[in-house]
Amino acid sequence: MSVPTAPAAAARATRPARRPRPPARARSEARAGYLFLLPWFVGLAALVIGPMAASAYLSFTSYDLFNDPVWVGFDNYRTMFTDDPRHLQSLRVTFTYVLASVPLRLAVALGLAVLMNRTLRGMSFYRAALYLPSLLGGSVAIAILWRQLFGGEGAINQILAFLGISGPNWIASPSTSLLTLIVLAVWQFGSPMVIFLAGLRQIPAELLEAARVDGAGTVRRFASVTLPLLTPLVFFNLVMQTIVAFQAFTPSFIISNGTGGPVDSTLFYTLYLYIKGFGEFEMGYASAMAWVLVAIIATFTAINFLGARRWVHYADES
Amino acid sequence: MATTAPTPAHLTRATPSPAVPPARRRPARRAPLATFAWHGLMLLLCVATLYPLLWMARSSVVPEEEIFASPTIVPSGVDLASYPAGWNANPPGFGTFLTNSFLICAGAVAGNLIACTLAAYAFARLRFPLKKVWFAVMLGTVMLPGHVTLIPQYALFSAVGWVGTYLPLIVPKFLATDAFFIFLLVQFMRGIPRELDEAAEIDGAGRWRAFRSVMLPLTVPALATTAVFTFIWTYEDFLGPLIYLSDLNDYPVPLGLRMFVNAMGQSSYGQLFAMSLVSLLPVFVFFLLFQRKLIAGIATTGLKG
């Protein structure tokens, strides 16, 4: 491993820099820069760029990890969209999940941030309490908990029964199983909420006061002052949360026991990729799936950026 | 690159140090009734949000038959028998899973701290050719879904005989593959006045000394954020261990918990919840210790999750 040697080498290399001759200084600084970056460069080459190239190549092959890859051209990509209903199903599930959970999560996060943007003793406690689920969110324990909460005899149905509603077995029924995963995602509204809160604190009180003097009510002040000033953060959260949501894996794996069931209703894209690659050892096919995921995420990010021109308001623009 | 535009620049600029929480305003005087109502509302929201966790905590200390008998969060009594039973329920035992998790996390934290800090210093302070290009590449890797490198990385680690060891989970961290933390540290270092480390260099310190003796001590808050989040994300990671580990004795907590679910009959939910809660304990502890820092870190940099 090259890491432990890098600092020592950097120290040696920078010693001549003491002489104040500018060109030599610049050269030694450049050398130091590259030495400090050495671990990152090794990682980039060996674990990012190299594997990306390999995965691009593998996506055009049939590869089971044990035998040499066999070139099959566009077959993997063709099969994915014409001859693999499970792949299409995993796309459907993932799109539903992203399109439902991201806006809901952001709306809840924004709503609570606005609610909490006031001075009240103990507010830091409330803020921490509401953030906690986000920190635990990715863990197996929470996925297990969710499976029991939304089970046929789980606590959620008992609460519903108390209200006179007879709930389904959320996890076991194909029509509701994905919903429980969306609820889980929305429950983890903490990170965007904290970002919104920080943004709300930056809004100049004079602006809101001026609007109040002009006769704007609470709703009007929020719609005309707060929200426009917050749009850069809404945009930031939208982009980041979309990228993260497309890659969700652990909850669907745990809740469906790694199958994506019932009847593939929780077959997330990443779960199907895992099943193909590490369950059925179709590594070429899984690589092709990974590139489709990259294309999807890039497309969504681009759409977000293009759409942003219409509604994101930057303070220094006007 | 893509991430720079949406970054809430006015936030990072307004609060140069992620460790400094926004200034607390003095509570304004309000009608006591309104204040009372607000506390009521906030407490209600907290209980609603934390209900699943409270239910799990309660379910770990009541007799088996009571768990699914009602959705209440107040236990009828406290019986801790599920804890020792769950701790010893699976062959290697939960103690082994925890130890394994801590080993992996220690390696990952050390790796991220060393490699990401070095890279961040270069991006934040040093001038070298193609810096902007490399910085853009670095930001690009933050957004890249890990799945696209997953399979070739597996093939690579398999070829060098690392599958079945902790090396695939630790070594990449020493090569700064968690570029996200490089970004976080760069943002933080940029907020530190240049004069401080320039003065050190004028005094004759080399760049390595300026980095180690001036920059590193000033970067401690961001290093703490990096360490804590690396710990928590590594500790919660499920896919990595799932792919690379196969020996029960090597299992970290997430795999141990999952084995628990698979191996258990329907009648030992108490143990399952007890161990689930134990598995969350390290994260709770870090959260309580570093709560302010973590929240400020998210607010300024937008950590994912």
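Residue numbers here run from 1 along each chain, matching the order of that chain's written sequence. Naming scheme: in the order in which they are written, chains are lettered from A and ligands are numbered from 1. Whole-chain, interface and lining totals are the exception, using all residues; otherwise, since this is a predicted model, local features are given only for residues with pLDDT of at least 70 and side-chain atom pairs are given and counted only at 80 or more. Side-chain measures were taken over the full set of non-hydrogen atoms in the model, leaving aside hydrogen atoms and water.

(A) Representation of the overall build of chain A within the structure. Numbered from the N terminus, helices here are DSSP runs of H or I no shorter than four residues, and strands are runs of E no shorter than two. Helices and strands together make up the secondary structure of chain A, namely 15 helices and two strands. Computation of the radius of gyration draws on C-alpha atoms, with the globule rule given as 2.2 Å multiplied by the number of residues to the power 0.38. What you see for chain A is a C-alpha radius of gyration of 25 Å, clearly larger than the 20 Å of a compact globule of 318 residues, by over 25%. For chain A, the C-alpha atoms occupy an extent of roughly 75 × 60 × 35 Å along the three principal directions. Expressed as a percentage of its 318 residues, the buried residues of chain A come to 55%. By sequence separation, contacts in chain A at least 24 residues apart represent 67% of the contacts at least 6 residues apart. Taken as two groups, the 23 positive and 15 negative side-chain charges of chain A have centres that lie 16 Å from each other. Residue exposure (1.4 Å probe, protein chains only): buried if accessible area is under 20% of the type maximum, exposed if over 50%, otherwise partly exposed. Two residues qualify as a contact provided that any one of their heavy atoms is within 4.5 Å of a heavy atom in the partner residue. Under the counting rule used here, the positive set is Lys and Arg, the negative set is Asp and Glu, and His together with the chain ends is not counted. Where a charge sits is defined by one atom per residue type, namely NZ (Lys), CZ (Arg), CG (Asp) or CD (Glu).

(B) Local environment of the UniProt feature "transmembrane region" (unreviewed entry) in chain B. UniProt positions are given in the numbering used here, feature names are shortened, and annotations may be inferred rather than shown by experiment. Per the UniProt record, "transmembrane region" (unreviewed entry) is annotated on residues 33–54, 97–121, 133–154, 166–186, 214–235 and 269–290 of chain B. Spanning residues 166–186 of chain B, this segment combines 76% helix with 0% strand, and its end C-alpha atoms are found 29 Å apart.

(C) Highlighting the pattern of salt bridges. Only one rule defines a salt bridge in this text: a Lys or Arg side-chain nitrogen within 4 Å of an Asp or Glu carboxyl oxygen. Counted according to the given criterion, the structure contains nine salt bridges over all chains. The partner of Arg207(B) in a salt bridge is Glu29(A), and the shortest N-O contact between them spans 3.7 Å. Residue Arg207(B) is found in helix α11 (residues 207–218), and its partner Glu29(A) is found in helix α2 (residues 22–36); the two belong to separate chains. For the pair Arg207(B) and Glu29(A), one class covers both residues: buried. Salt bridges here are not isolated pairs; linked through shared partners, they connect Glu29(A), Arg127(B) and Arg207(B).

(D) The arrangement of the domain arrangement of chain B in detail. Residues and elements named next belong to chain B. What fixes the domain bounds is an automatic or database domain assignment. The assigned domain composition of chain B is domain 1 (45–84) and domain 2 (92–303). The distance between the C-alpha centroids of domain 1 and domain 2 comes to 33 Å. Taken together, the contact pairs eleven residues of domain 1 with twelve residues of domain 2. Counting every contact that joins domain 1 to domain 2 gives zero salt bridges.

(E) Spotlight on the environment of Phe260(B). Residue and element names in this part refer to chain B. Mapped onto the fold, Phe260 is located in helix α14 (residues 253–263). As a C-alpha pair, Phe260 and Arg212 span 48 residues in sequence and 45 Å in three-dimensional space. In contact with Phe260, not counting residues within four places along its chain, are Gly86, Ala89, Asn90, Gln271, Leu272 and Met275.

(F) Just the UniProt feature "domain: ABC transmembrane type-1" (unreviewed entry) in chain A, in detail. Within this numbering scheme, the UniProt entry marks residues 91–304 of chain A as carrying the feature "domain: ABC transmembrane type-1" (unreviewed entry). Annotated as residues 91–304 of chain A, this span is 74% helix and 0% strand, and its ends, taken at the C-alpha atoms, are 19 Å apart.

(G) Spatial organisation of the interface of chain B and chain A. With 112 residues of chain B at the interface, the matching set in chain A holds 109 residues. Two parts placed together each lose some accessible area; with a 1.4 Å probe, that loss summed over both constitutes the buried area. Here chain B meets chain A over a buried area of about 9700 Å², counting both sides, of which 77% is carbon and sulfur. At the junction of chain B and chain A, the tally comes to two salt bridges. Across the pair Glu29(A) and Arg127(B) runs a salt bridge, and its minimum N-O distance is 3.3 Å. Side-chain classes follow a simple rule in which Ala, Val, Leu, Ile, Met, Phe, Trp, Tyr, Cys and Pro form the nonpolar group, Asp, Glu, Lys and Arg form the charged group, and the remainder, Gly included, forms the polar group. The residue makeup of the side of chain B that touches chain A, split by class, is 79 nonpolar, 22 polar and eleven charged.

(H) Helix α8 (residues 155–162) of chain A, seen in detail. Three or more residues of α8(A) are buried, namely Ala155(A), Asn157(A), Gln158(A) and Leu160(A). Buried residues along α8(A) sit in contact with α7 (140–149) of chain A together with α2 (32–59) of chain B. Taken from the residues just after α8(A), Gly164(A) is the one with a positive phi, measuring 85°.

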